[in-house]
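Close look at the chain arrangement
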Amino acid sequence: MAALISYQVRVLPFLLCYLGPSAAVLFSSLPKTLIVTASPSPGQVLYAGVDQINVTWAIDQSQPGGTVSAYKKVKVSFCYAPASQADRGWRKTDDNLKKDKTCQFKITTQPYATAGSVAYTVERSIPTATFFVRAYVLDSEEAEVAYGQSTDAQKTTNLFDVVGITGLHASLGIAAACFSAFSVVALAFFFVVEKRKAKK
Amino acid sequence: MEDSGKSSLHVESSAAEGGHFKLPVDSEQKATEFWLFSFAKPHMRAFHLSWFSFFCCFVSTFAAPPLVPLIRDNLNLTTTDIGNAGIASVSGAVFARLAMGTACDLVGPRLASASLTLLTAPAVFFTSVINSASSYLLVRFFTGFSIASFVSTQFWMSSMFSPPVVGLANGIAGGWGNLGGGATQLIMPLVYDLIHHIGSTNFTAWRIAFFIPGFMQTLSAIAVLALGQDLPNGNYRKLEKVGDKHKDSFRKVFYHAVTNYRGWILALTYGYCFGVELTIDNIIAEYFYDKFNVNLRTAGIIAASFGLANIISRPGGGLLSDWMSRRYGMRGRLWSLWVVQIIGGVLCIVLGRMNNLSASIIVMVLFSLFVQAACGLTFGVVPFVSRRSLGMISGMTGGGGNVGAVITQLIFFKGSKYSKETGITLMGVMILCCTLPITLIYFPQWGGLFCGPRPKATAEDYYAAEWSEDEKERGYHSASVKFAENSVREGGRRRDSSPAVPADDTPSHV
């Protein structure tokens, strides 16, 4: 059985090369051949635009992985944890990777090596949510052929929080207040003028 | 204004009555023709001021949906939060539209609409500083009040334009205003892109973008105040001072509005053409995005095209209403309303069953044409339901539209009970059911869908019945009498082709 599975896993990248990128890649078919570790401790809070994380990945020697010759690039992303996906259809996990919306923020894309790492400052466009880190291995057609992630299969361990920027500035509040006041005062002005005209 | 407005001339004629108006007018000084590209005082100017300020209110009310992908991440919103805010955005206007109706009857459409628009502008400006799901809901709720200016638009057009063209004037003003709901799906992403490009981070850029609809709203309201006037002869306050216009009592206006069953029926049926339009404005982008996997920009363009159809569809409805009236009178107006709205309901059912993207878009566009034309056709009938309580009836009907939107979203589009496509199909079934009551509308002087007019009934009796003997003695009902004379054509084409028919003659039907 294991031999059959590993055979399929070895053949799959080949098939994908033949079928081209239009074939749907299913996440459940990908072998987990990378070990990914992210520096935040579980439950740590990172501030967008300020804090930095380190992500390292390495080939898992114990896994009967796919054809390593197909591995061309490694793409590392922030992915939403289930708590941040609840009641939010735009972050839904779908087995078909073309429709999958779990991992929306790319950290880096690097050429494949048996091990790699990246130091990443959390960008200001990352929203407030709970995340884990996942790395996909891509073949020459940019299709996913293997993966690894910093959490377990149920996505419950090693999660960390990001607190996004608010986007607020004091000037926004002041401008809003000024224009609102202007609107109300303009109305009052016209009311007074109306009353005066009617009196004449 | 020098003219007292009490003209002894009865009928519509193509020569300019009252001398100083560019457009030809009737005995109430209302324009009998509609010149789209003119800004002539006061009729066409009122038209342009009212449709544009209403347009700005629609842009503001639906400014959030196209930016929701950003707002939902910035504020950590859930689907429930977004749905609730969508319902809130259309529920505020339910009561606001009723209040607007009363305000128009009492202080005039110019002050009523400008007050509403200027007082809701702060909600738009403060959208830029919200930071939670509840503040998002609140700003959408208060901003949504502004689309009650629909009522002042229709009231103003009904005050400025004579029965032969009132359907068209109401239809274009309403349609081009509703256009804002479509235009905003294109405007807001564009403004956001510009600001983002200049250098702001995405979570700041969307906030700055909200100042644009805010400005537009404030400036359009100031224009209405500075350049507009309530009636062809002047503003309410001035006319009341001079004694040309009687200042009516709220209680009487209210009584005559709520006791007129036709107002209630039209409120229900409007809930299932306009209410459906509002619901679609809130859900259609997401529907196409999820069902057909188009990207967000494409979904936005498809969503925009639904609202943009308003350029021609609603005016088309008004035009059809006026055209049918020329041949068949009020019965023609009612028949065309019923048929068009039924077809809209059928297309809605079909839309929910489409599984192919291009077929779906085609059906959606057809659906938008019919459902929006039905809105225009509704307001071809509304000006005739009551003369004394015109504002309140317009308010009830308009409010009914929003109630329809709230109920429909609550039943079919909240949570996961129905898939969106099932919801759309069921909404279509509900349209069909709620359109049936139109068969019950009956005007004694003009008839209804299935019955002809009563032999001795006149328009004058119908409108004068809203005033007590005492009030009639004091001449308060003079505007209603003039209106009755000018509505004589609602009886349809007569055997004798004389244009001047005395008010107490009964019209015979083709």
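Residues numbered from 1 in each chain as written. Chains lettered and ligands numbered in written order. Predicted model: local features only at pLDDT ≥ 70, side-chain atom pairs only at ≥ 80, totals over all residues. Heavy atoms only, no water.

Attention shifts here to the overall build of chain A. Secondary structure summary: chain A contains 3 helices and 9 strands in total. If you list the helices and strands of chain A from N to C, you get α-β-β-β-β-α-β-β-β-β-β-α. Relative to its full complement of 200 residues, chain A shows a buried share of 44%. Considering only residue pairs separated by 6 or more positions, chain A has 75% of its internal contacts joining residues 24 or more positions apart. Carbon and sulfur atoms provide 61% of the accessible area of chain A, an area that totals close to 10300 Å². (Helix = DSSP H or I, 4+ residues; strand = E, 2+ residues; numbered from the N terminus. Buried < 20%, exposed > 50% of the residue type's maximum accessible area, 1.4 Å probe, protein only. Contact = heavy atoms within 4.5 Å. Areas by Shrake-Rupley, 256 points an atom, 1.4 Å probe, with all protein chains shown as cover.)

Before going further, it helps to spend a moment on the overall build of chain B. What chain B contains, in helices and strands, is 21 helices and 2 strands. Against the 2.2 N^0.38 benchmark of 24 Å for 510 residues, chain B shows a C-alpha radius of gyration of 23 Å, consistent with a compact globule. The principal-axis extents of the C-alpha atoms in chain B amount to approximately 65 × 45 × 40 Å. Within the span of chain B, comprising 510 residues, buried residues form 63% of the whole. Contacts in chain B between residues at least 24 apart in sequence constitute 77% of all its contacts with a sequence separation of at least 6. If the 40 positive side-chain charges of chain B are averaged to one point and the 33 negative ones to another, these points end up 4 Å apart. (Rg over C-alpha atoms; globule rule 2.2 N^0.38 Å. Lys, Arg positive; Asp, Glu negative; His and termini not counted. Charge placed at Lys NZ, Arg CZ, Asp CG, Glu CD.)

Residues and elements named next belong to chain B. Where nonpolar side chains cluster on the molecular surface, the patch consists of Trp335, Val339, Ile343 and Phe450 and spans about 350 Å² of accessible area. Along the chain, Ile343 turns up in helix α15 (residues 313–353). The class for Ile343 is partly exposed, based on a relative accessible area of 32%. (Patch = residues over 30% accessible without salt bridge, like charges linked within 9 Å, V, L, I, M, F, W, Y side chains within 5 Å. Salt bridge = Lys/Arg side-chain N within 4 Å of Asp/Glu carboxyl O.)

Attention now moves to the pattern of salt bridges. Applying the stated criterion to the full structure yields 4 salt bridges over all chains. A:Glu194 serves as the salt-bridge partner of B:Arg110, at 3.0 Å between the closest nitrogen and oxygen. With B:Arg110 in helix α4 (residues 109–126) and A:Glu194 in helix α3 (residues 170–199), the pair connects residues from two separate chains. For the salt bridge of B:Arg333 with B:Asp322, the shortest nitrogen-to-oxygen distance reads 3.0 Å. Residue class for B:Asp322 comes out buried when judged on its relative accessible area of 3%.

Turning next to the interface of chain A and chain B. Contacts between the two partners involve 37 residues from chain A, matched on the other side by 41 residues from chain B. Put simply, chain A and chain B have 12 residue pairs in polar contact (both at pLDDT 80 or more) between them. It is α3(A) that provides the largest number of residues to the side of chain A that touches chain B, a total of 18 residues. Taken together, the residues that form the side of chain A that touches chain B break down as 19 nonpolar, 9 polar and 9 charged. (Polar contact = N/O pair within 3.5 Å; in protein donor to acceptor, adjacent residues only side chain to side chain. Nonpolar A, V, L, I, M, F, W, Y, C, P; charged D, E, K, R; others polar.)

This paragraph deals with the state of the cysteines. Counted under the stated rule, the structure contains 1 disulfide over all chains. As a non-bridged cysteine, B:Cys375 has B:Cys273 as the owner of its nearest cysteine sulfur, 3.7 Å distant. (Disulfide = S-S within 2.5 Å.)

Okay, the confidence of the model for chain A next. Residues and elements named next belong to chain A. With 86% of its residues at a pLDDT of 70 or more, chain A has an overall mean of 84. Predicted confidence for residues 5–9 stays below pLDDT 50, and this span has 4 contacts to residues more than four positions away or in other chains. Low pLDDT, under 50, characterises residues 11–21; the predicted model gives this stretch 14 contacts beyond four residues in sequence or across chains. (pLDDT = per-residue confidence, 0-100.)

Turning our eyes to something else, we now look at the UniProt feature "transmembrane region" (unreviewed entry) in chain A. When the UniProt feature table is mapped to this numbering, "transmembrane region" (unreviewed entry) covers residues 172–193 of chain A. Annotated as residues 172–193 of chain A, this span is 100% helix and 0% strand, and its ends, taken at the C-alpha atoms, are 32 Å apart. (UniProt positions renumbered as here; feature names shortened; annotations may be inferred.)

Right, let's get into the sheet that holds strand β6 (residues 115–121) of chain A. Residue and element names in this part refer to chain A. Read across the sheet, 3 strands follow the order β1-β3-β6 without closing on themselves; strand pairing throughout is antiparallel. Looking at the sheet topology across the chains shown, the edges are occupied by β1 (34–38) and β6. The sheet shows a mean angle of 15° between the axes of neighbouring strands, taken without regard to direction. The sheet contact formed by strand β3 (residues 52–59) and β6 spans 7 bridges and is antiparallel. When the bridges of β6 are listed, Thr56 appears paired with Ser117. (Pairing = 2+ DSSP bridges. Axes fitted to C-alpha atoms, helices over the stretch in contact; angles between N-to-C directions.)

Turning next to unusual backbone geometry. Following B:Lys41, the chain continues into B:Pro42 via a peptide bond in cis, with omega recorded as -15°. Here B:Pro42 lies in the segment before α1 (43–61). A positive phi angle is found at A:Asp87, which is not glycine, with a value near 60°. Note that A:Asp87 resides in the loop between α2 (82–85) and β5 (105–111). For B:Asn76, which is not glycine, the phi torsion reads 55° and is therefore positive. Relative to the assigned elements, B:Asn76 resides in the loop between α2 (68–74) and α3 (79–107). Judged by relative accessible area, which is 29%, B:Asn76 ranks as partly exposed.

With that settled, consider the side chain of B:Thr184. Relative to the helices and strands, B:Thr184 resides in helix α7 (residues 163–198). Under the relative-accessibility criterion, B:Thr184 is labelled buried at 0%.

What follows deals with the nonpolar core. All names here are of chain B. Grouped together as the largest cluster of nonpolar side chains are 84 residues, with contacts concentrated most on Val276, Phe288, Phe367, Phe443 and Tyr463. With near-sequence residues (within four places) excluded, Phe367 lies in contact with Val276, Ile280, Phe306, Gly344, Leu347, Cys348, Leu351 and Ile431. Formed by 34 residues, the second largest nonpolar core is a distinct cluster that contains Phe34, Ala40, Leu179 and Ala221. (Core = buried A, V, L, I, M, F, W, Y, C linked by side-chain atoms within 4.5 Å.)

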